[in-house]
Amino acid sequence: MAEPLLSVKDLRTYFTTEEGVVRAVEGVSFDMAVGERRGVVGESGSGKSVTAMSIMRLIEPPAGEIVTGTIDFQGENLLALPEDEMQEVRGGKIAMIFQDPMTSLNPVYTVGDQLIETIMLHQNVNKHDAREIAGKALDDVQIPSPSRVLDDYPHQFSGGMRQRVMIAMGLSCNPDLLIADEPTTALDVTTQAQIMDLMLKLAEDRGTAVMLITHDLGVVAGFCDTVQVMYAGAIVEQGTAKDLFGDPQHPYTWGLLGSMTRLDESHTERLHSVRGAPPSLINPPSGCRFNPRCDFAQEQCRSRYPALRESGNEAQFAACHFATELDLKSMSVRGEVSNR
């Protein structure tokens, strides 16, 4: 098998607060292939963005710290790189689109200045050539009159256009991996669709791998090849999008999918919801962290942490002691496992 583009092993990222240590990411491991489009889903506070920030090495000590783990990118451990070499990786090989483009773009500099600075930092070109590359990048993301709007300021753009600028900035240096953290959160549905179609086209044309962090499972279903579901700082299920949406193996995944309205089915009953709230990451529950909210939790779930193991179809993994015994589609339990 080909070497993965990105390989994260046993990543643990903690934050020190007055109340205690927040274990925001706890033992996360996954691989991404060249050109793969991976969706990262889960409730707020599940560790999605912190995982991405850890990959970019944007966790600020002493409050935040990557405690253990390795992050191998193209065969090189990013956690062992000196900061000056890591700066070359950021933007040049791995780019990131943040949630709110208005706070990511500097309001006192033109869009062109910010694009040109990024291009000159990672490509050996002069300012004139960098401006031409910037104009081409804006044209690629379908912004009208790109040479003119280079001299405009961020406040002169709509939300959707600002997000297009962020995509242009992220892809202007042809990175091998693009991390998109909630890129469509503040946009209307029509603009969301346009942005996702644009990202899909650009990723396919350039062969760029994309890690898409989102709450929107509909976006994931239409965009991603693979999906990892995160809960309370850990991955509870991962697999291909087809397998995970068609046959979820973890009760939390089933709960997320069951809370969505499907247009291809008629509904005569209320949508399913995951009861309760996510646990404290300072004092998480013992055993499986999902057990206080799980309709199938047994004593074993409350005493022993479940490993992420193969379950369901090939290359589908779930962190559940009873994944193979659960029939989540009918909300029942097979075999000798009894519902509490």
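So, how was this worked out
Residues numbered from 1 in each chain as written. Predicted model: local features only at pLDDT ≥ 70, side-chain atom pairs only at ≥ 80, totals over all residues. Heavy atoms only, no water. Axes fitted to C-alpha atoms, helices over the stretch in contact; angles between N-to-C directions. Helix = DSSP H or I, 4+ residues; strand = E, 2+ residues; numbered from the N terminus. Parallel < 35°, antiparallel > 145°, perpendicular 65-115°, else oblique. Left-handed = near helix turned anticlockwise from the far one by under 90°. Contact = heavy atoms within 4.5 Å. pLDDT = per-residue confidence, 0-100. Nonpolar A, V, L, I, M, F, W, Y, C, P; charged D, E, K, R; others polar. Salt bridge = Lys/Arg side-chain N within 4 Å of Asp/Glu carboxyl O. Buried < 20%, exposed > 50% of the residue type's maximum accessible area, 1.4 Å probe, protein only. Pairing = 2+ DSSP bridges.

Draft legend 1. Expanded view of the packing of helix H7 (residues 159-171) against helix H8 (residues 189-206). The contact between H7 and H8 brings their axes to 10 Å, and the two run at 15°. The orientation of H7 with respect to H8, classified from their angle, is roughly parallel. Here H7 and H8 pass one another in a crossing that is right-handed. Between H7 and H8, the residues in contact are Gly160, Gln163, Arg164, Ile167 and Leu171 and Thr191, Gln194, Ile195, Leu198, Met199, Leu202 and Arg206, respectively.

Draft legend 2. Looking closely at the confidence of the model for the chain. Across the chain, the average pLDDT comes to 87, with 91% of residues at 70 or higher. Of all the helices and strands in the chain, strand S14 (residues 332-333) carries the lowest mean pLDDT, 42, while strand S1 (residues 6-16) carries the highest, 97. Predicted confidence for residues 332-340 stays below pLDDT 50, and this span has 27 contacts to residues more than four positions away or in other chains.

Draft legend 3. How the structure looks around the packing of helix H4 (residues 111-122) against helix H5 (residues 127-140). Between H4 and H5, the least distance of the axes is 9 Å, while the angle of their chain directions is 115°. At the point where H4 passes H5, the crossing takes the right-handed sense. Taken together, the residues of H5 that come into contact with H4 (itself represented by Leu115, Ile116, Ile119 and Met120) are Lys127, Ala130, Arg131, Ile133, Ala134 and Leu138. Residues belonging to the contact of H4 with H5 are distributed by class as follows: eight nonpolar, no polar and two charged.

Draft legend 4. Just the pattern of salt bridges, in detail. Evaluation of the coordinates by the stated rule reveals 17 salt bridges. We note a salt bridge from arginine 12 to aspartate 10, for which the minimum N-O separation is 3.0 Å. Judged by its relative accessible area of 25%, arginine 12 falls in the partly exposed class. Close ionic contact of aspartate 140 with lysine 136 constitutes a salt bridge, the shortest N to O distance being 2.8 Å. Note that aspartate 140 and lysine 136 are positioned in helix H5 at a spacing of four residues, about one turn of the helix. The partly exposed category is assigned to lysine 136, whose relative accessible area is 48%. Each of Asp10, Arg12, Glu26 and Arg289 takes part in one network of salt bridges that share partners.

Draft legend 5. Quick look at the pairing of strand S2 (residues 21-32). Here nine bridges tie S1 to S2, and the two strands are oriented antiparallel to one another. Across the sheet, the residue bridging to leucine 6 is methionine 32, located in S2. Adjacent in sequence and paired antiparallel, S1 and S2 are bridged by four residues, among which glycine 20 carries a positive phi angle near 145°.

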